[in-house]
Every structure is written in C-alpha cells, then in structure tokens.
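# A closer look at the structure
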Amino acid sequence: MAFSTIVSSPVCFHTQNQTHSFPLSNNKPRINKPLITQTKALPPLSTATDVSAITTTFDSTTLAVLGGGSIAALAAILSIADPEKRRQLQAEEVGGGDKEVVREYFNSTGFQRWKKIYGETDDVNKVQLDIRLGHSKTVENVMKILTEDRSLEGVTVCDAGCGTGCLSIPLAKQGAVVYSSDISAAMVSEAEKQAKEELLGGSSDGSSVVPVLPKFTVSDLESLDGKYDTVVCLDVLIHYPQSKADGMIAHLASLAEKRLILSFAPKTYYYDILKRIGELFPGPSKATRAYLHREADIERALQKAGWKVNKKGFTNTQFYFANLIEAVPA
C-alpha cells in the first residue's frame, strides 16, 4: 500500500508531456479524527520508533518503520528469520495458497481489523489511524482523476476489491453505475450495509444526482467478467506476486473500455527492507503475504496488454504507501 499524509499540498500526477496537479478538495475524508497537516513523507532515518508500541498491530500489509540504525541491524538478521515458513503453515491450515489465505483472513480476523481501519470508529491506534488517513487520500485522489474533466453520471465502474465500500459509495454518490466485488463475503456484506445507510438513508448533500445502489458480489479478481467504462483496483495487487500480477492486470484491462486505475505498493530497496522487518513482527493475528511491485514491471504488464500510462502519482504516510496509475488504451 502506498499513500500520503501530505494533506496540505497538492497531489501531482504526471503524464508523458505534462504534470497534472490536483489541489486537495475541501471535502473531508470519511474519518472523524483531525487530519494531519504537517508535511511528512518517509519517517526520518535518524528517528527511532518504539517497536513495542506497534508490534501488536502489524500484519504483513502494515509495515514496521524503524530508525536507520535499527534498520541496518535488523536487515542483517532478516536471512535468519523465516516468515515464509509461517506463510506455508497458514496455507496448509486453510487448504490452499495465497488466495485461500487472503479469503480466510479477510473473512475473520482481517475483516475485524480492516473494518475498523476503513471505518470511523475511535477504537483505532495511531498506526491504524495513519493507514486510514493514507487510504482515504488514495480514494480522494482516484475521485479527482475520475471527476476532473467529466461527470460520472451513467458511467459504469468496476470496483475490483471493494473492501467496505470506501470508493464504491463516493462513486455512486456522483451518479456512477458501480459494480463492486471482493473476495471476502464479510467485506461485501459490510460494504452493502454501509452503502444502503448512506445512499438510501434519505439524507441529501445538496446534489441533484440521484445515486444508484452499487451491485455487490463476492468474487475473486480472476472470476470478474463484463465490460465497464472504468475499472479500479486499489490495494489488491499487494496479494499477488509479480508473475500472477501480470496476468491479473491483463485480465482487468480486458474488462475496461476507457480507463484502468491501479494502486500498488512500490518495490524499492528501502520499502522492501521495511516490509521484511514488518514480517518479523506479525502480531497476534494471522496475516497475508505482502508483495511489492516495481513500477517498471507494472508499466510493462500494461504495455503487454495494449495499454499505456496516462497519469501516475505517489502518496505515503508513515505506515501506508502506494503508487497510483491511470492507464488508457494505447
């Protein structure tokens, strides 16, 4: 995952010939905590983080961020630790591979954890609140891309990996015809519940748009079909190794007619070390395997599918980071 606490400055998306700068809107993210207004990218390497304060909250998609000295020391022992063995045991317990582990996790302990992170409850720690902020910025940036020069009324959008509906609901409020899916039945049920409360509850934000309730289905990415004006897949590629991500990107591209928007955790030496450090502290609940992806690999997969990058951006907080790409047919 990759997202930004830089909420006081514009988020820039780049095309081949120009930069698109989106000033942040006045609309508040769906959280009830004050937003952080201090510009802060990666945590300074000279600043140590109290590991004891975060190890109980981490799974492999929630990375432990430590000081430079700690990183160097822990990097030296990464080869001794064996998080892969723990992953294999998880897969054996649920009788399958990565997909089965992801489904099981997000239908059980993972659902409870991420429902809180994506929600509005005060019952979150600082790490979870930071991730909530980052994810809300990613959703906000996607909405800016989709609405900057056109209306969404009547536009068909596939929200692949919808979670609890953080993107599906704002899309529906703008008049989009949304098809939302997730591998987790628990997530889909929660998303549908929240959508009915927000879209059919009788409240009005002053807009003349009459929202249409998204169509929610339980499905993995591989089983999605149909044709849509836009396909969006946020924070899902982290569950796919690059070898499988290439095929998944090609499949999602085959469903989209005009635009494909992806977010993914970038694979760099720095983030790779942080991820591996985080795997040393899996926390009390079982976690899914996390895969980082090189931007060049994602672009190569898009090109192979006949698509090209139109815009790109990057957002990050201390514990959440993601590249965001909009692709169009080449």
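The structure reproduced in this document is the subject of the present report.

Turning our attention to the packing of aromatic side chains. Tallied over the entire structure, the rule returns 3 aromatic pairs. Each ring, one from Trp-114 and one from Tyr-118, has its centre 5.6 Å from the other, and the planes form 45 degrees; the classification is tilted. Placement of the pair is Trp-114 and Tyr-118 together in helix H4 (residues 109–118), with a separation of 4 residues, close to one helical turn. Across the pair, Tyr-118 and Trp-114 agree in class, each one buried.

Summarising burial for strand E9 (residues 321–329): 8 of the 9 residues are buried, a large majority. Linking strand E8 (residues 307–316) back to E9 in an antiparallel pair, the connection comprises 4 residues.

This part covers the pattern of salt bridges. Going through the model one piece at a time under the given rule, you end up with 14 salt bridges. The partner of Lys-144 in a salt bridge is Glu-140, and the shortest N-O contact between them spans 3.3 Å. Pair noted here: Lys-144 and Glu-140 are both in helix H5 (residues 126–147), with a separation of 4 residues, about one helical turn. By the burial criterion, Lys-144 is buried, and Glu-140 matches it. One salt bridge connects Glu-198 with Lys-173, and the closest N-O pair in it is separated by 3.0 Å. Of the two residues, Glu-198 is situated in helix H7 (residues 185–199) and Lys-173 in helix H6 (residues 168–173); the sequence distance between them amounts to 25 residues. What emerges from the salt-bridge pattern is a single network uniting Lys-99, Asp-220 and Glu-222.

With that settled, the discussion passes to helix H10 (residues 295–304). Listed as buried for H10 are Asp-297, Ile-298, Glu-299, Ala-301 and Leu-302. Buried-residue contacts for H10 involve helix H8 (242–255), strand E7 (256–264), E8 and E9. Phi turns positive, to about 90 degrees, at Gly-306, one or two residues after H10.

Thresholds, definitions, all that
Residues numbered from 1 in each chain as written. Predicted model: local features only at pLDDT ≥ 70, side-chain atom pairs only at ≥ 80, totals over all residues. Heavy atoms only, no water. Phe/Tyr/Trp six-rings, centres within 6.5 Å; stacked < 30°, edge-to-face > 60°. Helix = DSSP H or I, 4+ residues; strand = E, 2+ residues; numbered from the N terminus. Buried < 20%, exposed > 50% of the residue type's maximum accessible area, 1.4 Å probe, protein only. Pairing = 2+ DSSP bridges. Salt bridge = Lys/Arg side-chain N within 4 Å of Asp/Glu carboxyl O. Contact = heavy atoms within 4.5 Å.

None of the figures reported here should be taken as evidence of function without further support.
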